[in-house]
Amino acid sequence: MSLIAIRKRHLIVETTYHENGPAPDRPLKLAAACAVIRNPYAGRYEPDLMPFMAELRTLGRSLAEELVEVIGGKDRVEVYSKAAIVGINGEMEHGAVWHEAGGWAMRSVLGEPKAMVPAVKAVASAGYRVMVPVHYVHASYVRSHFNSIEIGIQDAPRPDEILFALVMGDGGRVHSRLGGLLKEAVSVNDGQR
């Protein structure tokens, strides 16, 4: 029997056309694909979360593929991240399983970029919202690509649920001009610089 029972999916697409200065050559698109699932361990302690983490890879892959389509292809994806909000009958570790499952899914779909995948997680009530940090997929220190997107669903997660999300976007901040490593100067290919 599957450990994953989806109640709903939710797609958030944020398109920025303008940020005070001149309009960018193309709008910045950030998107979050979310799934609200039943928490198989709500209300009890489970010592072995590894089967759940392994099974979540399938959900992660599905969300990652949806995002690639929304962004316009894997070659357009420049930023990524992941998030989990666990309902109050769960524990933080039930959201932490997403570190491997969600990160693996995005790396797999995007051709194995090396930068770590940022993350945020919380245990909270339905309607809770989090700011999800993103950064450049090939090098974590590309300052122009430090950004965020807010995620949340008004009726999720319920106490016995978990909201899992993946985030992708097609560029850095509009009008970024604060110096630091530029994406064109990434050369070490270690996921950092």
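For clarity, every value in this text was computed on a predicted model and none was experimentally measured.

Engineer: What should I look at first to understand the overall build of the protein in this one?
Structural biologist: Tallying secondary structure elements over the protein gives three helices and seven strands in all. Along its sequence from the N terminus, the protein presents helices and strands in the succession β-β-α-β-α-α-β-β-β-β. Taken over the C-alpha trace, the protein has a radius of gyration of 17 Å; the compact-globule value for 193 residues is 16 Å, and the two agree within 12%. Its C-alpha atoms put the protein at 50 × 35 × 25 Å along the principal axes. A buried classification covers 48% of the 193 residues belonging to the protein. Taking the intrachain contacts of the protein between residues at least 6 apart in sequence as the baseline, contacts between residues at least 24 apart amount to 77%. Taken as a whole, the protein presents about 9,300 Å² of accessible surface, with 51% of it coming from carbon and sulfur. A distance of 3 Å separates the average location of the 22 positive side-chain charges in the protein from that of its 22 negative side-chain charges.

Engineer: Whenever I open this one, the environment of Y141 confuses me. Can you help?
Structural biologist: In this structure, Y141 sits in the loop between β5 (130-136) and β6 (147-151). Placed 40 residues apart in sequence, Y141 and L181 show a C-alpha to C-alpha distance of 6.6 Å. Those residues within four positions of Y141 in sequence are excluded, and the remaining contacts are F146, L181, Q192 and R193.

Engineer: Would you explain helix α1 (residues 50-71) in this entry?
Structural biologist: Quick reminder: α-helices carry 3.6 residues per turn. Residues three or four places apart thus point the same way. Here α1 spans 31 Å end to end across 22 residues, near enough to the 32 Å set by a 1.5 Å rise per residue. Buried residues of α1: F52, M53, L56, L59, G60, L63, A64, L67, V68 and I71, and no others. Tucked inside the fold, the buried residues of α1 contact β1 (6-16), β2 (28-38), α2 (92-96), α3 (98-110) and β7 (161-169). Backbone geometry just downstream of α1 places G72 in the positive-phi region, at approximately 110 degrees.

Engineer: Quick question: what am I supposed to make of the packing of aromatic side chains here?
Structural biologist: Aromatic ring pairs are reported here in terms of the distance separating the ring centres and the angle at which the planes meet. For the coordinates displayed, the defined rule picks out three aromatic pairs. Plain terms: the ring middles of F52 and F164 are 6.4 Å apart, the flat faces sit at 55 degrees to each other, and that makes the pair tilted. With a gap of 112 residues between them, F52 in helix α1 and F164 in strand β7 connect regions that are remote in the sequence. Each member of the pair, F52 as well as F164, is classed as buried. Members of the aromatic cluster, each reached through a chain of ring pairs, are Y41, F52, W98 and F164. Lying over the aromatic face of Y141, R193 brings its terminal NZ or CZ to 4.4 Å of the ring centre.

Each value, and the rule that gives it
- Residues numbered from 1 in each chain as written.
- Predicted model: local features only at pLDDT ≥ 70, side-chain atom pairs only at ≥ 80, totals over all residues.
- Heavy atoms only, no water.
- Helix = DSSP H or I, 4+ residues; strand = E, 2+ residues; numbered from the N terminus.
- Rg over C-alpha atoms; globule rule 2.2 N^0.38 Å.
- Buried < 20%, exposed > 50% of the residue type's maximum accessible area, 1.4 Å probe, protein only.
- Contact = heavy atoms within 4.5 Å.
- Areas by Shrake-Rupley, 256 points an atom, 1.4 Å probe, with all protein chains shown as cover.
- Lys, Arg positive; Asp, Glu negative; His and termini not counted.
- Charge placed at Lys NZ, Arg CZ, Asp CG, Glu CD.
- Expected span 1.5 Å × (residues − 1).
- Phe/Tyr/Trp six-rings, centres within 6.5 Å; stacked < 30°, edge-to-face > 60°.
- Lys NZ or Arg CZ within 6 Å of the ring centre and 35° of its normal.

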